[in-house]
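Structural overview for review
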Amino acid sequence: MTGLDEVTVKASRPEIIIEPDKTIINIEGTVMAEGSNALDVIGRSPGIYVDQDGNINLNGRTGATVMINDRLPT
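Residues numbered from 1 in each chain as written. Predicted model: local features only at pLDDT ≥ 70, side-chain atom pairs only at ≥ 80, totals over all residues. Heavy atoms only, no water.

Considerations on the overall build of the chain
Heads up, the rule is: A run of H or I in DSSP becomes a helix once it reaches four residues, and a run of E becomes a strand once it reaches two; helices and strands are each numbered from the N terminus. Throughout, exposure labels follow a simple rule: accessible area from a 1.4 Å probe, protein chains only, divided by the maximum for the residue type, with under 20% read as buried, over 50% as exposed, and the rest as partly exposed. We call two residues in contact whenever any of their non-hydrogen atoms come within 4.5 Å of each other. Residue-level accessible areas treat just the shown protein chains as cover; the underlying method is Shrake-Rupley with a 1.4 Å probe. Positive charges come from Lys and Arg alone, negative charges from Asp and Glu alone, with His and the N- and C-terminal ends not counted. To locate a charge, take atom NZ for lysine, CZ for arginine, CG for aspartate or CD for glutamate.
A count of helices and strands for the chain gives one helix and four strands. Its helices and strands in sequence order give the chain the pattern β-β-α-β-β, from N to C terminus. Along the first, second and third principal axes, the C-alpha set of the chain runs to 55 × 30 × 25 Å. Within the chain, the fraction of its 74 residues that count as buried is 14%. Intrachain contacts of the chain at a sequence separation of at least 6 include 7% that bridge at least 24 residues. Roughly 6600 Å² of accessible area belongs to the chain as shown, and the carbon and sulfur atoms make up 49% of that amount. Counting 6 positive and 11 negative side-chain charges, the chain places the averaged centre of each group 4 Å from the other.

Some remarks on the pairing of strand β2 (residues 22-26)
Within a regular strand, the side chains alternate between the two sheet faces. Formally: Strands pair, by our definition, only if DSSP identifies at least two bridges between them.
Relative to β2, strand β1 (residues 15-19) is paired through five bridges, and the arrangement is antiparallel. Along β2, the bridge assignment pairs E19 with K22. Connecting β1 to the next strand, β2, in antiparallel fashion are two residues.

With respect to the side chain of N57
Topologically, N57 is positioned in strand β4 (residues 56-58). Residues in contact with N57, not counting those within four places in the same chain, are G47, I48, Y49 and T62.

Quick word on a nonpolar patch on the surface
Let me state the cut-off plainly: Only residues above 30% relative accessible area that lack a salt bridge enter a patch, with like-charged residues linked at up to 9 Å and the nonpolar side chains Val, Leu, Ile, Met, Phe, Trp and Tyr linked at up to 5 Å. A pair is scored as a salt bridge if a Lys or Arg side-chain nitrogen falls within 4 Å of a carboxyl oxygen belonging to Asp or Glu.
Together, L4, V7 and V9 give the surface a local cluster of nonpolar side chains, amounting to about 370 Å² of exposed area. Position of V9 among the secondary structure elements: in the segment before β1. A relative accessible area of 73% places V9 in the exposed class.

And the structure:
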């Protein structure tokens, strides 16, 4: 039987930028982006809750607008 001598696992956390009028979560290159749709990724982002109806709450506030690449999804 042969075994591995060494295993390296690398992952990165999403970059979070908080500005006065918006919160930006950059998931590019993170584990969160792998094999998921946009709503799944949003629901796993810190401070964001997505309910069963798809309503999005950001830090307990309703009415959040989600943009992808600085554009509203169509």
